[in-house]
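Descriptive analysis of the structure
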Amino acid sequence: MVACSIPSTSRSLPAVRAHVSALRSPMPHPIRTSRLYSTHASRLQYRPRPRLSRIPPKSKIHIRSFASDGPKAPVSEGAKTAHKLESETDSAASAASSPDETSFQKPQVTTVDSTTSTDSDLDWEDRPNFQIEKFTDLPYQNFGVNQHMIIDREFKEVLRQLLWRFRAPIRYAFAYGSGVFPQSSADTATDAELKAVHSKAPVAVQKAQDGSPKMIDFIFGVSYTQHWHSLNLMQHRNHYSMLGSLGSAAVSHVQDKWGAGVYFNPYVTVDGILIKYGVVNIDTLCRDLSEWDTLYLAGRLHKPVKILRDDPKVRLANQINLLSALRTALLLLPPEFTEQELYATIAGISYLGDPRMAFPTENPKKVANIVNHNMLNFRRLYAPLVEALPNVDYNDPAVSSRDWITNTDSVLKIEQDMDPIKRGNMVRRLPKAFRSKLYFEYQKKFQIPQLEFNKMIEESKDEDAGSFKRQQGGGFEQRVAQDEPEALRQTIRGVIKKTISWPSTSQSIKGVITAGFSRSVRYLGEKMAKYREASKPKEEDEKSS
């Protein structure tokens, strides 16, 4: 510190002015450069001291952070974690684009001693380890890479940069819907139509949406719901409805306790792009994927999505979800069918109990549009799983070609083994919550006494945990599988509707509160417009006939 004497009031005015001028002159060189490192950066960084004592605002722009305040070390660790998850996501996408895609669901065969247990490699589906933290802990190399769709690189980077606009930590994220995977062939939009959706859309977004601008949908998987909303409310209060004024505790309570456990903020503009993002706790997401307790998010992931930030725990749960969707579709299908019928059956699962399909608020041709315009993505998603299951196979000479995965000119034929033992095994391996509901329906149908039924279920649970017996269906499951095909289809469809109906209905009601009245009216209006547009050709054909 430099001591300065206050000039006496008895001095003349020129002397006072000279003294003040001396105080305002630049400090000597040793003092001006005494701090060579910025204390505001997340790491030590050499920075010559400028004449101005204030750090320029632009010096903070390059720092990607997750929290708006707090210690710098955790922020840096969070950014490193996000970068690592994105790197793992890119590695999986690169593996998924390999010519040998269908071999990725098969673990490498290793020679082991006969006394060595290899349960972890063989029965991962029955005993999934949801405590894993690293991708190397997954059952085998390239596990689940079929979940990663290939999209335009520049479009992917635009979507990924949107995640960095959120300082609250996003552990898992994917983009989905018609804004990412077109479901129709549209005409070129005018500048006015484009700006009505995206105020300042990058060229990559315009190209990807093929002249039909649409809101882009995201799902964010987070570790701690209230903490995430607390940080996001501080940064993006305008994303929330009036509910946000009650604080993060109220927001997280509505998210976790109402509906399917998802909180949506629709019609939000980020970097000139109109988006809708849903926030879900990572445990809620994994439970729905592995057990089908609501099928709300599991159904969305039955269809192709673009994973932007991957997580090993979610990848494991989603692989179980995809296998469950395939098995459910096989129980609904005849011995021989086409892959288009398979994908339509899988894509239609999540819409069976959706209340929007019962009202004029959804395109009645939605499932057909999703499948017809995304055959390649569906094949990438499910072909490795068809190859992996022992009771279903392609029965088409086209699969002998090396590039059959990417060749969508032909619709492949598939056949399945209708042996009751194998189909009983499929029933036994359906997701836990869904399977329990199916068992209850057949208990009533077969008129099995409650005590006998309970005993049978307990025995099924207590079967030898160290063998494959527990993966196999018993007499009850085989009896279910041998039911009349149409009766079996009706029962399974009924269970799907009961699983989806209430969570989806309550989620829609919750949307009025979380989105706000004006956004809800806008959303409803757009859905009704899609319904009318899809119904026009049918009405015109009926009139002409």
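Structure first, text after, so check above.
Residues numbered from 1 in each chain as written. Predicted model: local features only at pLDDT ≥ 70, side-chain atom pairs only at ≥ 80, totals over all residues. Heavy atoms only, no water.

Some words on the overall build of the protein chain
Keep this limit in mind: The numbering of helices and of strands both runs from the N terminus, where a helix is a DSSP run of H or I of at least 4 residues and a strand a run of E of at least 2. Accessibility here uses a 1.4 Å probe with only protein chains present; expressed as a share of the type maximum, an area under 20% marks a residue as buried, one over 50% as exposed, and anything in between as partly exposed. In this description, contact between two residues means that some pair of their heavy atoms is separated by no more than 4.5 Å.
Within the protein chain, the secondary structure is distributed over 21 helices and 8 strands. Looking at the 545 residues of the protein chain, the share that counts as buried comes to 47%. Long-range contacts, defined here as pairs at least 24 residues apart, represent 74% of the contacts in the protein chain between residues at least 6 apart.

Digging into the environment of Y140
Relative to the assigned elements, Y140 resides in the loop between α4 (119–122) and α5 (153–163). A sequence separation of 16 residues divides Y140 from W124, and the C-alpha atoms of the two residues are 9.9 Å apart.

Notes on the pattern of salt bridges
Opposite charge on two side chains makes pairing possible when the charged atoms of those side chains draw close. Test applied: Every case where a carboxyl oxygen of Asp or Glu lies within 4 Å of a side-chain nitrogen of Lys or Arg is listed as a salt bridge.
Applying the stated rule across the entire model yields 15 salt bridges. Between E125 and R327 there is a salt bridge; the shortest N-O distance is 2.6 Å. Placement of E125 in the loop between α4 and α5 and of R327 in helix α12 (residues 312–332) is noted, with a sequence separation of 202 residues between them. The same class applies to E125 as to R327, namely buried. Note that D483 is salt-bridged to K445, the shortest N-O span being 2.6 Å. Within this pair, whereas D483 is found in the loop between α19 (475–481) and α20 (485–515), its partner K445 is found in helix α17 (residues 432–446), the two being separated by 38 residues in sequence. Looking at D483, the relative accessible area reads 14%, which means it is buried. You can call K445 partly exposed: its relative accessible area is 41%. It is possible to trace a salt-bridge network through shared partners that takes in E125, R327 and R429.

Some details on the packing of helix α13 (residues 339–349) against helix α15 (residues 375–388)
To keep it simple, the criterion reads: The axes are straight lines fitted to the C-alpha atoms, using for helices just the contacting stretch, and the angles between their N-to-C directions are given from 0 to 180°. An angle below 35 degrees is read as roughly parallel, one above 145 as roughly antiparallel, one from 65 to 115 as roughly perpendicular, and any other as oblique.
The geometry of α13 relative to α15 is characterised by a closest axis approach of 11 Å and an angle of 95 degrees between their N-to-C directions. Regarding the angle of α13 to α15, the classification is roughly perpendicular. Note on element contacts: α15 touches α13 through M375, F378, R379, Y382 and V386, opposite E339, Q340, L342, Y343, I346 and A347.

Some words on α20
Think of an α-helix as turning once every 3.6 residues; residues three or four places apart then point the same way. Filter applied, for reference: Expected span of a helix, by definition, is 1.5 Å for each gap between consecutive residues, and there is one gap fewer than residues. The quantity called bend is, for any residue, the angle between two axes fitted respectively to the seven residues ending at it and the seven beginning at it.
Between its first and last C-alpha atoms α20 spans 43 Å; for 31 residues at 1.5 Å apiece the expected length is 45 Å, and the two agree. Its axis deflected by about 30 degrees at S501, α20 carries its strongest bend there, up to four residues before the proline P503. With its phi angle positive at about 95 degrees, G516 sits one or two positions after the end of α20.

So, the packing of aromatic side chains
Using the following cut-off: Two rings belonging to Phe, Tyr or Trp (six-membered ring only in the last case) form a pair when the distance between their centres is within 6.5 Å. Interplanar angles under 30 degrees mark stacking, angles over 60 mark edge-to-face geometry, and anything in between is tilted.
For the structure on display, the rule yields 20 aromatic pairs. Ring geometry for F220 versus Y277: centroids 5.3 Å apart, planes at 20 degrees, classification stacked. Of the two residues, F220 is situated in strand β2 (residues 216–222) and Y277 in strand β4 (residues 273–281); the sequence distance between them amounts to 57 residues. Of the two residues, F220 and Y277, both sit in the buried class.

Side note on the side chain of Q443
Threshold: N or O atoms closer than or at 3.5 Å make up a polar contact, with two conditions inside protein: a donor-capable atom paired with an acceptor-capable one, and, for residues adjacent in sequence, both atoms drawn from side chains.
Position of Q443 among the secondary structure elements: in helix α17. In this structure Q443 comes out as buried when scored by relative accessible area, which is 6%. Polar side-chain contacts of Q443 include one of 2.9 Å to the side chain of Q450. Not counting chain neighbours up to four residues away, the residues in contact with Q443 comprise I448, P449, Q450, F453 and F476.

Here's the deal with unusual backbone geometry
Located in the positive-phi region is D271, a residue other than glycine, with phi close to 55 degrees. Positive phi, close to 55 degrees, is recorded for Q447, a residue that is not glycine. Classification of Q447 by relative accessible area gives exposed; the value is 69%.

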